Amino acid sequence: MKLEKLVAKDGRPTLKADGIFIYSKYKPIEDAMFFIKKEIHENVEGYLLVGLGLGYHLYALSNLVSSKKKIIVLCLCKEEIKLFTDSIFYEELKKYPNIKIVTDIASLEIELDYQVIIPNAWMQVMDQAHPLYPFLMDIKIKQMSYKRFAPLMNENFKHNTQLSDFNLPEYANQIKHKRIACLVSSGPSLNETKEWLKPINDEVFILSVGSALKPLLSRGIIPNAVIITDSQSEIADQLRNCRYAGQIFYLCTADYNTVRNYKYNRCILLQNGYRPAEELADQIDYPKLDTGGSVATSAFSLLEYFKFDTVILFGQDLGFAGKQTHALNSTSGREIQKLEKLIKVDSNNGKSIFTTLNLHSYLKWFEKKTSSSKVKVYNTALHGAKIGSVPFINEMQFLEIIYNNYSGKQ
Amino acid sequence: MNDLIVETIESYNIYLSKLPNGCLLIAEKLREDQIQVALNNIKDFTEGLIWLVDASDLLGKNEIKVEISIERVHEFLNEINDALEIQDYNLVADLFEYELIEFFANLDLIKLKQ
């Protein structure tokens, strides 16, 4: 990382890292204060601040929070220490006993209820080979997403919870005889693999994410259930103008109008990590699910709750060789823009493919989940990302699994 | 002065007077790391600015004096574009907050008595 100290327009020092401004070119100290003021939560035990630089974010944080709260600062490169010791705030900040600066992650100790503060500029210049990069990037993506959608999520939660669709345990009882589930997402591999589902539609439990519904229906495949999670109104397209009248599962923060307008069987899901949902679930003794940040990861959690022996992933590409992100006819899908940060990952076909930061976050979630879950998981996305030790299966192997289950063999 | 010109002048003035606040909003969203929201706003801003430039060009051809410097607008758009290309959102925020707000705030509205 190349650090470059400059003079800002207001005469104060400012900083560039790898050609990008870490602080404002005009008013660096005010800019850092503005960011920290908007970012901090007060009801936490401490803070992990990523990036030291000239100490401006640290100065702002130490001035805004109680001196009893621990502040750990993670330097992303050792040169930051020299910069900091030359900083105008160094002499003041070095006296605070609650501040600890670490350059080595081995000496990083934080508690679960610390707030992680990551100025986006540091995230952009952080070395992708840094061991903490995927974790911090995952946290940052989720923080930015929550910040953007929190008001919408709260509004949806308020209305959805009044619909009284709290019937998850009852539904679980109805399907407990089924052993194999197919989780259908709308990655590009679904273009081919959805054909596998048609002959065995009635033999397995098919849970489709909302954006995969229309591709399935276009081939005459009717899923047993559909799951929707997005808080934005665009998801209405997923259920609109299609002849689906089956079960839907919806996250309590999903778009209220889409949910309300669906007149057939509905079931609400309450998620971990969203406080109002956690509190309500505890209050009414209702199951809580891990969402993982995407509809597919939420779907997997749901299938785990239903205690399926086996889950077969369809359309779970989590990456792409070409430029398209989703299957044809899906309501989702876009072209990858040249400015997007892409990460190289291993593919089930033995080669490498690219994935976006978001998809990489979901890939890591699946890897972690599948490594500890009791569920046997298989993947059908030949050109998709390899998910940990989840084996790839072709059509013959898929049919063999179904046949073995049907005939009682395992 | 025909109705179309009057309407165009009114729209021009309304849009111009809203621009400083719009620029501030973009800067704030960038500084709060609400990048996607800011980028959507920048897209709208750019389209509006192009309209403003086109309107000023047409008004000029109808002998209505418009103060906006098209060259300066192009310079700003190029600087913003260069900063976006390298994803230097702090710099983009600075451009909106410390350059563009002042630029638009100093432009006079078109007087309808012309």
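Quantities reported herein were computed from a predicted structural model and do not represent experimental measurements. (Residues numbered from 1 in each chain as written. Chains lettered and ligands numbered in written order. Predicted model: local features only at pLDDT ≥ 70, side-chain atom pairs only at ≥ 80, totals over all residues. Heavy atoms only, no water.)

Student: Got a sec to walk through helix H1 (residues 3-31) of chain B? Specific residues and values, please.
Tutor: Three or four residues apart is the spacing at which side chains of an α-helix point the same way, because the helix has 3.6 residues per turn. All names here are of chain B. Along its 29 residues, H1 runs 42 Å from first to last C-alpha, staying within 8% of the 42 Å computed at 1.5 Å per residue. At Leu 19, H1 is bent by approximately 35°, the largest bend along its length, and proline Pro 20 sits one to four residues beyond. Of the residues trailing H1, Asp 33 is marked for its positive phi of about 65°. (Helix = DSSP H or I, 4+ residues; strand = E, 2+ residues; numbered from the N terminus. Expected span 1.5 Å × (residues − 1). Bend = angle between axes of the 7 residues up to and from the residue.)

Student: I'd like to hear about the nonpolar core, residue by residue, with values.
Tutor: One recurring pattern in soluble globular proteins is that nonpolar side chains are buried together. Grouped together as the largest cluster of nonpolar side chains are 133 residues, with contacts concentrated most on Leu 197, Phe 249, Phe 306, Ile 312 and Phe 398 of chain A. In terms of residue count, the dominant contributor to this core is helix H6 (residues 133-160) of chain A (seven residues). Discounting residues that sit within four places of it in the chain, Phe 398 of chain A has contacts with Cys 182, Trp 196, Leu 197, Ile 200, Ile 312, Phe 314 and Ile 393 of chain A. Counting residues in hydrophobic clusters, the runner-up holds 40 residues, among them Leu 19, Leu 49, Phe 96 and Phe 103 of chain B. (Core = buried A, V, L, I, M, F, W, Y, C linked by side-chain atoms within 4.5 Å. Buried < 20%, exposed > 50% of the residue type's maximum accessible area, 1.4 Å probe, protein only. Contact = heavy atoms within 4.5 Å.)

Student: Could you give an account of the interface of chain B and chain A, naming the residues involved and the relevant values?
Tutor: The interface of chain B with chain A comprises 20 residues on the first partner and 25 residues on the second. Between chain B and chain A the total buried area reaches about 1,900 Å² when both faces are included, carbon and sulfur atoms providing 51% of it. Seen at the junction of chain B and chain A, the total is three salt bridges. The closest approach of N and O atoms between Glu 32 of chain B and Lys 38 of chain A, which form a salt bridge, is 3.6 Å. Viewed at the interface, chain A and chain B are joined by ten residue pairs in polar contact (both at pLDDT 80 or more). Mapped onto the side of chain B that touches chain A, the elements with two or more residues apiece are H1, helix H2 (35-61), helix H3 (70-85) and helix H4 (89-105) of chain B. At six residues, H4 of chain B tops the list of elements feeding residues into the side of chain B that touches chain A. Considered class by class, the residues forming the side of chain B that touches chain A number seven nonpolar, five polar and eight charged. (Buried area = accessible area lost by both parts, 1.4 Å probe. Salt bridge = Lys/Arg side-chain N within 4 Å of Asp/Glu carboxyl O. Polar contact = N/O pair within 3.5 Å; in protein donor to acceptor, adjacent residues only side chain to side chain. Nonpolar A, V, L, I, M, F, W, Y, C, P; charged D, E, K, R; others polar.)

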